[in-house]
Each structure stands twice: as structure tokens, then as C-alpha cells.
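# Working through the structure, step by step
Okay, here's what each chain looks like letter by letter:
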Amino acid sequence: MSTSEAAHTRTATPIRGREVVFVDGVRTPFGKGNHKGQYAETRSDDMIVRVIRELMKRHPELPKDRVDEVAIAATTQIGDQGLTIGRTAALLAGLPNTTPGFAIDRMCAGAMTAVTTTASGIAVGAYDVVIAGGVEHMGHHPMGEGVDPNPRFVADKLIDESAIVMGATAENLHDRFPHLTRKRCDAFAKSSQDKYDAAVKAGKIGPEFASMATRSTEAGWGLATADEPPRPGTTLEDLAALSTPFRVHGRVTAGNAAGINDGATGCILASAETAAELGLPVGMKLVAYAFAGVAPEVMGVGPVPATEKALRLAGLGIEDIGLFELNEAFAVQVLAFLDHFGLPDDDPRVNPWGGAIAIGHPLASSGVRLMTQLSREFAEHPEVRYGITSMCIGLGMGGTVIWENPAYEGNK
């Protein structure tokens, strides 16, 4: 029998899905994305390199040559965020040149998609261990820099013009859901600031930091050890006095929305078998994930169908979820999610350590920030079995990942 004939008689062995675990996540402190921010003179690629090095430093039990892939997201993939940043960051971080890497973009859900894409690879056996994350230096690369939207989007009325401006889409959500008033959004924003401040004082925020060396021509060398965006002590009166930049007499302000920020995040994912083999800790177990599209001009509702789909895939209901990490791109977007699922504005299960309104939202990096925070919250809540990370995504999408708590007391 010839080689070609033998090949036609063989039957491939199907690969069964393997359990995927979130080992650990770290991030740089987030900065203000302007010329006075702590990362104003820091390169994007150096930020993600710092994150990768910190992950490897914290896990000496993971040999460098066991990392099978490095997936790094950036929304604006030019300059120091370009050149296939997953590969270049892997090389700069000291991983072997046999470790491949790639760049990925799904706007705000870039890091989330880096996780779900490589997790799928682990599930089918293509990888055993990966590093996934994201970086965004909005001070160097403002949202939309260098883009050239096809004029047919508007000329053919495929989308509303407001879909290109994220703040305008948030105003559109207020129009669609008038009961989600500015007063409710400001109250939610104040709560985010208060919860974050309490979490910092309790030592809950900080252990995940990869402190970052910085340099300024004015101040010289420095060290970023804390988030810059939070505004502790924010009052409702402060918030009520802010202008509405996206619409005259609007409802979206700099106080009830995430800011323009710089930062990088990263995590280690592995198959459960490989984690056990290498002695890697297990922070969470992946249950299901889903992405969904909505009308681009109301992109903030994207997490609703994404969550419904993920719950359906997992065979769960919203009542099974004990912790929520929802990205606070805009307060109105989170409130639309809570209203849809019948959850109160002040539900203690939602963003218990504060969210992006306080912490910041460096676009493509935020998905892994949510995951890292949820993983650490799981460790404190063995009574909780399932949690979700969810976010809205520019141009009308939403993404949701459901996780299981390995410390769940019901498993013991």
C-alpha cells in the first residue's frame, strides 16, 4: 500500500474538550492617558513586557519553554502597540524564540478575546499553557487614531453616525431607557469610587500590581505603584456639577463614565492537567463564553444578549451567578444590564471592589483586569460557585465569560 493510500485509510482521533483554568493575573497600575499621566513617556510594549515578566516571576514553577502562545490585544495597533505585539512582547520579556505570539483586536474586549481564543486552543489540545492579555496607551494612541471608516456605513445607513462616538452611544441608551436617569448614573458612579477606595484601604487592590518603572524629562525616573484615575471622596454634588460633553443637556459626564487611560494586563491560562503537573495554582475554571452583536448606536446593551447566550450554553440562570465583574465603560450601560436581569443598582455582588469608573479603562486591557479581580474575589467567597466577567464592545457587541470558583465549599 502506498503512503497516500495508507493516509486515506487512517481515521483521526477526535480531541475532546479539556478543562481550562485561569492560573493568575497581574496588571500595571492604570494611569491617566494624557501628557501629565504617569506613563506619558513610557512605551506601550514595555508595559506589557513588564506584565509578562511579573507573571513568570510569580510562577517559577512554570518553565519558560512550556508557554505555548502569547496573545496580546491592542485596539490601536500602530507605533509602540503594533508589529504583532504578542510576538514582540514575548521576545522582549525573555521567553524563548520558539514561543509564538500574535496580536488581537476586539476593541474594549481585546484582552477578553485573547483569553477566550487561546482558551479554546487549550480546550482542543493545541496549547497546554498560554499568556493572554492586553495593553492600551490612550495617551500615545487616542481612540480612533488613524482609522478611516468606510463612508458607506453612513451613506448606506448601515449604522447611525453616533455609533462611532462611544459617549454618544451612551446618550442613546439614556434615550432608549429614560428611567435610567443621570441621577441614578451619578449615584452608581459615586458607589464605584467608594467601593474602590474601601478596597484599596483593605488591601484588596494592589497585590495584583506589577509596579512599573517610569521616566519623565521633568521628574526623572519614577515607579508607578498605584492607580491614577480614582477620585476618592467624590460626592453627588461634584458629579452633578459636571458638563455633558457628548450632548447639550445630556446625561453622560466624565464622572459617570470611565476615563482615558493607560495600562496593561496579563494572565496565565492552562489546561487543568498541565496545571496539576506543574503545580500551578487554579484561580478559576472556565465554564462558558459568548459574544453577541447589537445595533452599533446602542452598543452598551451588548452584554445583555452575550450573557443570555453564555448562560444558555452553560445551562445556568442569572440566579446562579454569585459575583459579577461588569466593565463600567458608562454607568448607564451597567444599569441597563442590571435592569434587564432584575438586579438592584446597589447589588453587593456587582463590582464589589469598584469598577472602571474609578479604576480606569485602558480599552483592550480591561477584560483581564475584570478576570483578575474576580479570581481574587472568588478566594474570599467560598459560598459562591459561579461568577461572570462581562463588557460592552464598540461598534455594537458584548462579551461574557462565566467562571467557576475552585474554592466553592459545595465541592468539598
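Within each chain, residues carry numbers counting from 1 in the order of the written sequence. Residue-level local features of this predicted model are given only where pLDDT is at least 70; pairs of side-chain atoms are given and counted only at 80 or more, and the full residue set underlies all totals for whole chains, interfaces and linings. Computation of side-chain values: all heavy atoms of the structure, hydrogens and water removed.

The name that an unreviewed UniProt entry assigns to the protein is Acetyl-CoA acyltransferase, with the source organism given as Antricoccus suffuscus. According to the UniProt record, the Sequence similarities (unreviewed entry) comment for the protein reads "Belongs to the thiolase-like superfamily. Thiolase family." UniProt positions are given in the numbering used here, feature names are shortened, and annotations may be inferred rather than shown by experiment.

Among buried residues, those of type Ala, Val, Leu, Ile, Met, Phe, Trp, Tyr and Cys that are joined through side-chain atoms within 4.5 Å constitute a nonpolar core. Between buried and exposed lies partly exposed: a residue is buried under 20% and exposed over 50% of the maximum accessible area for its type, with that area taken using a 1.4 Å probe on protein chains only. Counting residues in each nonpolar core, the largest one holds 39 residues, and the members touching the most others are Phe 324, Leu 326, Phe 330, Phe 337 and Leu 338. A helix here means a DSSP run of H or I that spans at least four residues, while a strand means a run of E at least two residues long, and both kinds are numbered starting from the N terminus. For this core, the secondary structure elements donating two or more residues are helix H6 (166-176), helix H7 (182-201), helix H10 (303-314), strand E10 (321-326), helix H11 (331-340) and strand E11 (386-393). For this core, the element with the highest residue contribution is H11, accounting for seven residues. What makes two residues a contact is simply this: any of their non-hydrogen atoms within 4.5 Å. Contact partners of Phe 337, with chain neighbours within four places excluded, come to Pro 303, Val 304, Thr 307, Phe 324, Leu 326, Ile 388 and Ser 390.

Moving on, we come to the UniProt feature "domain: Thiolase C-terminal" (unreviewed entry) in the protein. In the numbering used here, UniProt assigns the "domain: Thiolase C-terminal" (unreviewed entry) feature to residues 285-404. This span, residues 285-404, is 34% helix and 26% strand, and a straight line between its end C-alpha atoms measures 5 Å.

Now for the environment of Val 287. Among the structural elements, Val 287 can be located in strand E9 (residues 284-293). With 266 residues separating them in the primary sequence, Val 287 and Val 21 have C-alpha atoms 9.4 Å apart. If we skip the residues at most four places from it in the chain, Val 287 touches Ala 314, Tyr 386, Ile 402, Trp 403 and Glu 404.

Bringing the packing of aromatic side chains into the picture now. Working definition: rings of Phe, Tyr and Trp (its six-membered ring) pair if their centres are within 6.5 Å, and the pair is stacked with planes under 30 degrees apart, edge-to-face with planes over 60 apart, and tilted otherwise. Counting across every chain of the model gives four aromatic pairs. Where Phe 22 meets Trp 403, the ring centres are 5.8 Å apart and the plane angle is 75 degrees; that geometry is what we call edge-to-face. On the criterion of sequence distance, the pair formed by Phe 22 in strand E1 (residues 20-27) and Trp 403 in strand E12 (residues 397-404) is long-range, its members being 381 residues apart. A relative accessible area of 1% places Trp 403 in the buried class. Ring geometry for Tyr 289 against Phe 291: centres 6.2 Å apart, planes inclined by 65 degrees, an arrangement best described as edge-to-face.

Attention shifts here to the UniProt feature "domain: Thiolase N-terminal" (unreviewed entry) in the protein. As annotated in UniProt, the feature "domain: Thiolase N-terminal" (unreviewed entry) corresponds to residues 20-272 in the numbering used here. Between the C-alpha atoms that bound residues 20-272 the distance is 6 Å, and the span itself is 31% helix and 19% strand.

Let us now look at the environment of Asp 347. With respect to the element layout, Asp 347 can be found in the loop between H11 and helix H12 (356-359). Relative accessible area serves as the criterion here: at 6%, Asp 347 is assigned to the buried category. For the pair Asp 347 and Lys 64, spaced 283 residues apart in sequence, the C-alpha separation works out to 42 Å. Think of a polar contact as two N or O atoms within 3.5 Å of one another; within protein, one of them needs to be a possible hydrogen donor and the other a possible acceptor, and neighboring residues in sequence only count if both atoms come from side chains. Separated by 2.8 Å, the side chains of Asp 347 and Arg 349 make a polar contact.

Along H11, eight of the ten residues are buried, which leaves the element largely enclosed by surrounding structure. Among the structural elements, H6, H7, H10, E10, H12 and E11 are those in contact with the buried residues of H11. Directly after H11, the chain includes Gly 342, whose backbone phi takes a positive value near 70 degrees.

Turning next to the packing of H10 against H11. Angles shown run from 0 to 180 degrees and are taken between the N-to-C directions of axes, each axis being a line fitted to C-alpha atoms and, for helices, limited to the stretch in contact. Here H10 crosses H11 at 45 degrees, and the two axes come no closer than 9 Å. Between H10 and H11, the interaxial angle falls into the category oblique. Contacts from Pro 303, Val 304, Thr 307 and Glu 308 in H10 reach Gln 333, Phe 337 and His 340 in H11. Counted by class, the contact of H10 with H11 contains three nonpolar, three polar and one charged residues. Orientation categories follow fixed angle ranges, with anything under 35 degrees roughly parallel, anything over 145 roughly antiparallel, 65 to 115 roughly perpendicular, and all other angles oblique. Any residue that is not Ala, Val, Leu, Ile, Met, Phe, Trp, Tyr, Cys, Pro, Asp, Glu, Lys or Arg is counted as polar, Gly included; the first ten are nonpolar and the last four charged.

A word on the pairing of E1. The element E1 is extensively covered by neighbouring structure, given that eight of its eight residues are classed as buried. The rule for pairing is simple: two strands pair if DSSP sees at least two bridges between them. Here E1 runs beside strand E8 (residues 261-271); their pairing, made up of seven bridges, is antiparallel. Note that in E8 the partner of Val 20 across the bridge is Ser 271.

Positive phi values are uncommon outside glycine, yet Thr 84 reaches one of about 45 degrees. Along the chain, Thr 84 falls in the loop between strand E3 (69-73) and helix H3 (85-92). The phi dihedral of His 249 is positive, around 60 degrees, even though this residue is not glycine. The topology assignment puts His 249 in the loop between helix H8 (236-240) and E8.

Bringing the side chain of Glu 208 into the picture now. Position of Glu 208 among the secondary structure elements: in the loop between H7 and strand E6 (212-216). A polar contact of 2.8 Å, which involves the side chain of Glu 208, links it to the backbone nitrogen of Gly 206. Beyond its immediate chain neighbours, meaning those up to four positions away, Glu 208 contacts Gly 25, Val 26, Arg 27, Arg 58, Thr 372 and Arg 376.

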